[in-house]
Amino acid sequence: MTSEGAQQDVAAGGAAGDRTVRVVLVDDHRMFRTGVQAEIGETGRTGVEVVGEAADVDQAVTVITTTRPEVVLLDVHLPGGGGVEVLRRSAAMMADAERPVRFLALSVSDAAEDVIGVIRGGARGYVTKTITGTDLVDAIFRVADGDAVFSPRLAGFVLDAFASTDAPPIDEDLDRLTQREREVLRLIARGYAYKEIAKQLFISVKTVESHVSAVLRKLQLSNRHELTRWAAARRLV
């Protein structure tokens with residue numbers, strides 16, 4: 001995310017007057033959370049109050065349940081099951097008519113399957129980490145009001161995917177994989193060793209090996225080199 005917005009008066013905060021939107025940041029990179037906090041967390045200027053942070057799925061569900069924010073800024077790729085798992089476990093809070101918790105995906109990924117996955121899971125929007133602080137504050141207020149917000153390029157993914165009531169999958173091969181298998185696939189394709197993946201996802205090395213075997217079998221691939229090429233061709237890395 002650029003720092004341009006931090007150097008400006010944030011229009012959304014000014015437009016909101018005395019209104020404050022309570023926000024939780026969910027991202028597994030502490031430095032990124034710190035940067036977002038610095039850009040949007042000055043409540044008197046932006047109207048955004050950051051009430052909690054989390055780095056993985058379990059932490060996210062706990063913090064969201066405890067603080068009941070109006071908006072959650074949610075990364076797509078998280079240890080413990082990814083952003084989709086956070087959404088699944090927060091379904092009741094999203095459906096609360098009186099105090100709904102709304103989710104805005106904030107991710108470095110602009111891959112179609114990531115966008116569609118979290119939108120199907122219940123997120124109200126999806127923006128990339130290139131967004132300015134000013135635009136992010138505006139997106140937070142709009143999502144808090146029930147609007148849907150997307151970075152311009154990503155809106156087309158959503159329109160295409162939901163053009164029919166069936167909302168067909170973007171990639172049939174990818175849809176064969178579980179959420180955890182997709183996480184392992186991405187980390188393998190990025191060059192992580194099994195021990196590093198195990199640490200990242202809080203699972204054993206043996207479990208990682210089992211997931212890799214399942215991915216190779218389902219995708220009919222022979223080794224991790226073929227897997228990396230397969231993932232790169234689909235912009236999963």
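Here the residue numbers are simple positions, counted from 1 along each chain's written sequence. Only residues with pLDDT of 70 or above have their local features reported here, since the model is predicted, and side-chain atom pairs are shown and tallied only from 80 upward, although totals for entire chains, interfaces and linings are computed over all residues. Here the side-chain values reflect all heavy atoms present in the structure, with hydrogen atoms and water set aside.

1. Observations concerning empty space enclosed by the protein
Operational definition: Two kinds of site are reported from a 1 Å grid over the protein atoms alone, namely cavities, where a 1.4 Å probe fits but cannot get out, and pockets, open sets with protein on both sides within 12 Å along at least five of seven lines, and residues are called lining when an atom falls within 4 Å of a point. Grid points are joined across faces, edges and corners, and a volume is the space filled by probe spheres set on the points. Helix and strand labels come from DSSP, where a helix needs a run of H or I of at least four residues and a strand needs a run of E of at least two; each type is numbered from the N terminus. In the scheme used here, Gly and all other residues not listed as nonpolar or charged are polar, with Ala, Val, Leu, Ile, Met, Phe, Trp, Tyr, Cys and Pro taken as nonpolar and Asp, Glu, Lys and Arg as charged.
Tallying each qualifying case throughout the model produces one cavity of 30 Å³ or more. Lining of the largest cavity is provided by Leu25, Val26, Asp27, Phe32, Arg33, Val36, Leu73, Asp75 and Leu106. For the lining of the largest cavity, the secondary structure elements donating two or more residues are β1 (21-26) and α2 (30-40). Broken down by element, the lining of the largest cavity gets its largest block of residues, three residues, from α2. For the lining of the largest cavity, a count of residues per class yields six nonpolar, no polar and three charged.

2. Concerning the nonpolar core
Put simply, the rule reads: Note on terminology: a nonpolar core comprises buried Ala, Val, Leu, Ile, Met, Phe, Trp, Tyr and Cys residues joined through side-chain atoms within 4.5 Å. Per-residue accessibility, obtained with a 1.4 Å probe over protein chains only, is compared with the maximum for each type, and a residue is labelled buried under 20%, exposed over 50%, and partly exposed between these values. We call two residues in contact whenever any of their non-hydrogen atoms come within 4.5 Å of each other.
Core analysis: the largest hydrophobic core is formed by 25 residues, its most contacted members being Val26, Ile64, Val72, Leu74, Val86, Phe103 and Val118. Within the residue set of this core, elements represented by two or more residues are β1, α4 (57-67), β3 (71-74), α5 (82-89), α6 (91-94), β4 (102-107) and α7 (112-121). When residues of this core are assigned to their parent elements, the largest contribution, five residues, is made by α4. Residues within four places of valine 118 in sequence aside, it is in contact with Val76, Val84, Leu87, Ala105, Ala123 and Tyr126. Core analysis: the next-biggest nonpolar cluster, separate from the first, contains 22 residues, Val48, Ile131, Val143 and Ala144 among them.

It is worth stressing that arrangement in space is one thing and function is another; only the former is reported here.
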